[in-house]
Amino acid sequence: MVAEAALVLALLGGVLLLSRLRGLPPADVTSEVQPRDISVVVPARNEATSLPALLTSIAASDVAPVEVIVVDDGSTDATASIAAESGATLVAAPPPPAGWLGKPWACWTGALQARGSQLLFLDADVVLAASLAVAAVYDR
């Protein structure tokens, strides 16, 4: 009986907390970001199954980045060949130095190769909706 009452209270508390969640405000599409300034950096390790969907969504975007850099972080699958065949710039990440983890090191490696004035880091398992223009970018 006590366990059931505790469960009901927990469920009610969860519903109350979830009802207070707020969504993000609409993106400001009048951003100062110029499409020619965006370099997309994608750190990838063994992402052969998800990378094609991301690269296709970038190509279909209404904003063309100056470049798409896929940083291969020691993949043992077809990640590198998929990136190269898509027209992305393929960069092989060297082993990270002491104190670095794989993904931050791959991001740093890609950022060093980028030509754009804004960097957009995307995980390989995401798919863009319609536009890079509404994505958050790191202005360097």
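No experiment lies behind these values; they were computed from the predicted model shown. (Residues numbered from 1 in each chain as written. Predicted model: local features only at pLDDT ≥ 70, side-chain atom pairs only at ≥ 80, totals over all residues. Heavy atoms only, no water.)

## Some points on the overall build of the protein chain
The number of helices and strands found in the protein chain is four helices and five strands. Listed N to C, the secondary structure of the protein chain is α-β-α-β-α-β-α-β-β in terms of helices and strands. Counting over 140 residues, the protein chain shows a buried share of 34%. In the protein chain, once contacts between residues fewer than 6 apart in sequence are set aside, the share between residues at least 24 apart is 69%. (Helix = DSSP H or I, 4+ residues; strand = E, 2+ residues; numbered from the N terminus. Buried < 20%, exposed > 50% of the residue type's maximum accessible area, 1.4 Å probe, protein only. Contact = heavy atoms within 4.5 Å.)

## Focus on unusual backbone geometry
Positive phi, normally seen in glycine, also occurs at Asn46, with a value near 55°. As for its placement among the helices and strands, Asn46 is situated in the loop between strand E1 (38–44) and helix H2 (51–60).

## With respect to the packing of aromatic side chains
Aromatic ring pairs are reported here in terms of the distance separating the ring centres and the angle at which the planes meet. Scanning the model with the defined rule gives two aromatic pairs in all. Here the aromatic rings of Trp100 and Trp108 are separated by 6.4 Å at their centres, their planes lie at 35°, and the arrangement is tilted. Trp100 gets classed as partly exposed once you look at its relative accessible area, which sits at 34%. Taken together, the ring pairs connect Trp100, Trp105 and Trp108 into an aromatic cluster. (Phe/Tyr/Trp six-rings, centres within 6.5 Å; stacked < 30°, edge-to-face > 60°.)

## Brief notes about H2
Within the sequence span of H2, burial applies to Leu51, Leu54, Leu55, Ser57 and Ile58. Seen from one end, H2 has its buried residues packed into an arc of 160°, which puts them on one side. Exposed side of H2, more than 90 degrees from the buried face: Thr56, Ala59 and Ala60 are the residues found there. (Arc of directions from axis to C-beta.)

## Notes on the environment of Thr56
Note that Thr56 resides in helix H2. Judged by its relative accessible area of 51%, Thr56 falls in the exposed class. Between the alpha carbons of Thr56 and Leu128 there is a distance of 9.0 Å; along the sequence they are 72 residues apart.

## Description of the pairing of E1
Taken across its seven residues, E1 has seven buried, putting it largely inside the fold. Residues Ile38, Val40, Val42 and Ala44 line one face of E1 and the alternating positions Ser39, Val41 and Pro43 line the opposite face, and both faces are buried. Relative to strand E4 (residues 118–121), E1 is paired through four bridges, and the arrangement is parallel. By the bridge assignment, Ser39 is partnered in E4 with Leu119. The pairing of E1 with strand E2 (residues 67–72) spans six bridges and is parallel. Each bridged residue has a counterpart across the sheet, and for Pro43 the counterpart in E2 is Val71. With H2 bridging E1 and its parallel neighbour E2, the resulting β-α-β unit is right-handed. (Pairing = 2+ DSSP bridges. Right-handed = clockwise from strand over helix to strand, strands pointing away.)

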